[in-house]
Amino acid sequence: MKILFATPECAPYVKTGGLGDVSAALPAMLAQLGHDVHLLMPAYRGMKVSGEIGDGVDLPPYSHWPAAQLVPVKIANGVTLLLLACPALYQRPGGPYVDASGRDYLDNAMRFGLLSRVAAQLGTVHSPLRGWTADVVHANDWPTGLAPLYLAQSRMIAPHEPTAAGILTIHNLAFQGVFPMGEADALGIPHPWRGMEGVEFWGDLSMLKAGIQFADAITTVSPTYAREIQTAEHGVGFDGILRARASRLRGILNGIDRKLWDPSQDALLPQRFSRKELEGKAQCKAVLQQRVGLAADKAAPLFAVVSRLTAQKGIDIVLDALPALVKAGGQLVVLGQGVPELQAALAEAARKHPRQVAVTLGFDEGLAHLIEAGADAFLMPSRFEPCGLNQMYSQAYGTPPIVAPVGGLLDSVTDATADPAHGSGFVMKSCDAAGLGDALARALAAWKQPQQWRRIQSNGMARDFGWEDSALQYIDVYRAAALLANGGTASELTAT
Ligand code: ADP
Ligand code: GLC
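Keep in mind that this is a model prediction, so the values were computed, not measured.

1. A look at the pairing of strand β8 (residues 165–170)
Link 1 in the chain: By the criterion of burial, β8 is predominantly enclosed, with six of the six residues buried.
Link 2 in the chain: The pairing of strand β7 (residues 136–140) with β8 spans five bridges and is classified as parallel. Among the inter-strand pairings, Asn140 is bridged to a residue of β8, identified as Thr169.
Link 3 in the chain: Between the parallel pair β7 and β8, the chain is carried across by helix α4 (residues 146–157), and the sense of this crossover is right-handed.
Link 4 in the chain: Where β8 meets strand β12 (residues 217–220), four bridges bridge the pair, whose relative direction is parallel. Each residue of the ladder has a partner; that of Ile170, found in β12, is Thr220.

So, in structure tokens, the structure goes:
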């Protein structure tokens with residue numbers, strides 16, 4: 001199958017969160033399974049890509065967009081990277097979505113409209129890559145949300161020409177790509193699709209809604225989140241349309257990239273270790289404590305957070321639970337960046353307890369690996385979590401996670417109190433300070449029983465979070481979507 005995977009970020013080139021990890025690992029696994037995978041992303045400033053670089057292809061002039069080129073690069077994992085080069089839109093200081101001061105770029109509608117436009121065109125007979133047309137166009141999150149709409153538009157204009165199926169994966173429903181409806185002209189959104197049945201969201205235009213309405217199949221990154229987003233509590237205003245599209249919606253749990261996240265092979269660790277030989281983990285803890293300036297105390301249980309510092313991630317809940325953690329003699333290491341108030345409150349806690357609390361503000365891949373390896377337990381009290389990757393990384397690294405009872409966290413962590421034989425972490429009973437306090441107390445009690453702790457670590461390390469099974473489920477969805485795009489029925493797609 002010819003698959004075009006369209007994404008605004010991909011590790012190791014550009015990553016702001018889990019979507020970057022998924023964009024690196026899922027396409028590589030699909031290629032490994034024998035599919036022809038092209039990955040489309042913008043060529044941002046400063047991106048370092050190694051591989052066999054092909055000739056750039058000029059894109060046909062699109063009405064409101066500056067001139068752009070597609071540059072194919074064959075990378076080592078069998079995927080062809082298609083870099084969308086449009087310096088006027090993408091060569092900027094700052095991140096993929098925000099400028100250096102953290103504000104959204106004012107022309108994000110056009111920046112990601114172009115990405116979506118090109119993705120869709122690669123799925124039509126007018127594909128700019130001569131000889132290569134995708135069978136499926138897999139869009140990810142709002143920045144590629146218009147791709148399914150543009151595919152539907154091509155199908156409408158030329159019903160007899162083959163057009164790829166459009167798939168949308170929702171990695172986070174909270175980011176909805178909302179812009180003034182005034183942008184619809186420049187984006188070329190047909191008038192009849194500007195209403196409630198189309199892209200309209202409270203008078204504005206939502207790119208995520210465009211994807212939800214026009215995709216042949218919709219997936220999200222865990223079965224539990226697929227159910228949650230159909231409820232008012234977690235639907236962020238989209239629960240109604242998701243319920244209406246439920247027969248096209250399926251949850252597929254993310255995997256982790258075993259080549260990058262395996263403590264027995266991880267080159268970023270000072271000492272490697274495995275489920276059978278855990279000794280190296282103690283050395284990672286000592287190096288971590290020293291590196292971040294915590295007391296070099298083997299006996300202090302070390303808890304960790306690696307996260308975007310936002311309300312989603314429950315960082316305020318960690319702050320509420322911190323006094324009890326400190327009082328119990330625990331340590332906390334935090335790596336993250338995000339909301340200034342949360343950053344300040346964490347930095348203040350570190351000033352107050354310099355031997356027990358260490359906070360590193362910023363993005364640091366190497367330190368993230370050291371924390372996963374060196375900490376004793378990992379905290380993820382997220383208010384919602386579509387999937388979450390860190391709880392899987394931490395289980396693989398013998399660092400039992402303490403997680404909120406939501407989304408992908410519920411689908412990937414087994415509570416050690418409820419199921420001592422299989423438990424791999426601790427699931428909070430409620431997503432608040434009381435819930436975290438209770439789970440922390442249970443974790444501390446288990447930590448004091450080395451044999452019990454060892455079993456929890458071992459259960460987590462034995463779990464298979466590899467991508468293969470999930471990639472096969474995506475292939476099922478692609479096949480079903482292709483049938484649906486050609487007038488098949490939604491029964492092809494079993495909602496999970
Ligand atoms: P989300 O995508 O919602 O941020 P995930 O758990 O799916 O959450 O993925 C987060 C990814 O980003 C993980 O790979 C995590 O290690 C990484 N990450 C988050 N913050 C940082 C940071 N400050 N430094 C390094 N890696 C980070
Ligand atoms: C989002 C979600 C996270 C998920 C990631 C990758 O950023 O917040 O839960 O793991 O996407 O799918």
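2. A few points about the site of ligand 2
Link 1 in the chain: Near ligand 2 you find 13 residues, and of these His171, Asn254, Glu385, Cys387 and Gly388 are the closest.
Link 2 in the chain: In the model, an oxygen atom of ligand 2 is placed 3.3 Å from a nitrogen or oxygen of the Gln312 side chain.
Link 3 in the chain: Contact distances for ligand 2 include 2.5 Å between an oxygen atom and a side-chain N or O atom of Glu385.
Link 4 in the chain: For ligand 2, whose unbound accessible area comes to 310 Å², protein coverage reaches 93%.
Link 5 in the chain: A per-element tally of the shell around ligand 2 places helix α1 (residues 18–32) first, with three residues.

3. Concerning the side chain of Gln289
Link 1 in the chain: Position of Gln289 relative to the elements: it lies in helix α9 (residues 279–292).
Link 2 in the chain: Contacts of Gln289, omitting those with residues within four sequence positions, involve Leu294, Ala295, Ala296, Asp297, Leu302 and Gln331.

4. So, the site of ligand 1
Link 1 in the chain: Around ligand 1 lies a shell of 19 residues, among which Gly18, Asp21, Arg308, Lys313 and Gly362 are the nearest.
Link 2 in the chain: Within the backbone of Gly18, a nitrogen or oxygen atom sits 2.6 Å from an oxygen atom of ligand 1.
Link 3 in the chain: Measuring from an oxygen atom of ligand 1, one finds a side-chain N or O atom of Lys313 at 2.8 Å.
Link 4 in the chain: Elements represented by at least two residues in the shell around ligand 1 include exactly α1, β14 (302–309), β15 (331–338) and α13 (390–396).
Link 5 in the chain: When residues of the shell around ligand 1 are assigned to their parent elements, the largest contribution, three residues, is made by β14.

5. Some remarks on the domain arrangement of the protein chain
Link 1 in the chain: Domain boundaries in the protein chain define domain 1 (2–255 + 468–493) and domain 2 (279–462).
Link 2 in the chain: Distance between the C-alpha centres of domain 1 and domain 2: 33 Å.
Link 3 in the chain: Contact residues are listed per partner, giving 18 residues for domain 1 and 18 residues for domain 2.
Link 4 in the chain: Both sides together, the interface formed by domain 1 and domain 2 hides about 1,300 Å², and carbon and sulfur atoms give 61% of it.

6. Quick look at the pairing of β12
Link 1 in the chain: Taking every second residue as pointing to the same face, both faces of β12 are buried, with Ala217 and Thr219 on one and Ile218 and Thr220 on the other.
Link 2 in the chain: Pairing of β12 with strand β13 (residues 249–251), which is carried by three bridges, proceeds in the parallel orientation. By the bridge assignment for β13, Ile218 is matched with Leu249.

7. So, the sheet that holds strand β19 (residues 426–427)
Link 1 in the chain: Strand order in the open sheet made by the six strands is β16-β15-β14-β17-β18-β19, with parallel pairing throughout. Of all the strands in the sheet, just β16 (357–361) and β19 have a single pairing partner and so form its edges.
Link 2 in the chain: Here β14 pairs with strand β17 (residues 377–380) via two bridges, running parallel. Its bridge partner being in β17, Ala304 is matched across the sheet by Phe378.
Link 3 in the chain: Sitting on the sheet, helix α10 (residues 315–327) touches β14, β15, β16 and β17, and the angle it makes with β14 is about 165 degrees.

8. Quick look at the pattern of salt bridges
Opposite charge on two side chains permits them to pair, given that their charged atoms come into close proximity.
Link 1 in the chain: The final tally for this structure, using the stated rule, is 14 salt bridges.
Link 2 in the chain: Asp364 is paired through a salt bridge with Arg291; the nearest N and O atoms lie 3.2 Å apart. Here Asp364, found in the loop between β16 and α12 (365–374), pairs with Arg291, found in helix α9; they are 73 residues apart in sequence, far enough to count as distant.
Link 3 in the chain: Given the relative accessible area of 47%, Arg291 is considered partly exposed.
Link 4 in the chain: In this structure, Lys313 and Glu385 form a salt bridge, with 2.9 Å as the shortest nitrogen-oxygen distance. Of the two residues, Lys313 is situated in the loop between β14 and α10 and Glu385 in the loop between β17 and α13; the sequence distance between them amounts to 72 residues. Pair check on accessibility: Lys313 and Glu385 agree, each one buried.

9. Overview of α1
Link 1 in the chain: When the terminal C-alpha atoms of α1 are compared, their 21 Å separation across 15 residues agrees well with the 21 Å that a helix rising 1.5 Å per residue should span.
Link 2 in the chain: Counting buried positions along α1 yields 13 of 15 residues, so the element is predominantly enclosed.
Link 3 in the chain: Two residues or fewer past α1, Gly34 is found with a positive phi of approximately 100 degrees.

10. Observations regarding the environment of Gly362
Link 1 in the chain: When you line up the elements, Gly362 lands in the loop between β16 and α12.
Link 2 in the chain: Expressed as a C-alpha distance, the spacing of Gly362 and Ile75, which sit 287 residues apart in the sequence, is 29 Å.
Link 3 in the chain: Not counting residues within four places of it along the chain, the set of residues in contact with Gly362 comprises Leu335, Gly336 and Gln337.

Cut-offs and rules
Residues numbered from 1 in each chain as written. Chains lettered and ligands numbered in written order. Predicted model: local features only at pLDDT ≥ 70, side-chain atom pairs only at ≥ 80, totals over all residues. Heavy atoms only, no water. Buried < 20%, exposed > 50% of the residue type's maximum accessible area, 1.4 Å probe, protein only. Helix = DSSP H or I, 4+ residues; strand = E, 2+ residues; numbered from the N terminus. Pairing = 2+ DSSP bridges. Right-handed = clockwise from strand over helix to strand, strands pointing away. Near = heavy atom within 4 Å. Polar contact = N/O pair within 3.5 Å; in protein donor to acceptor, adjacent residues only side chain to side chain. Areas by Shrake-Rupley, 256 points an atom, 1.4 Å probe, with all protein chains shown as cover. Contact = heavy atoms within 4.5 Å. Domains from an automatic or database assignment. Buried area = accessible area lost by both parts, 1.4 Å probe. Axes fitted to C-alpha atoms, helices over the stretch in contact; angles between N-to-C directions. Salt bridge = Lys/Arg side-chain N within 4 Å of Asp/Glu carboxyl O. Expected span 1.5 Å × (residues − 1).

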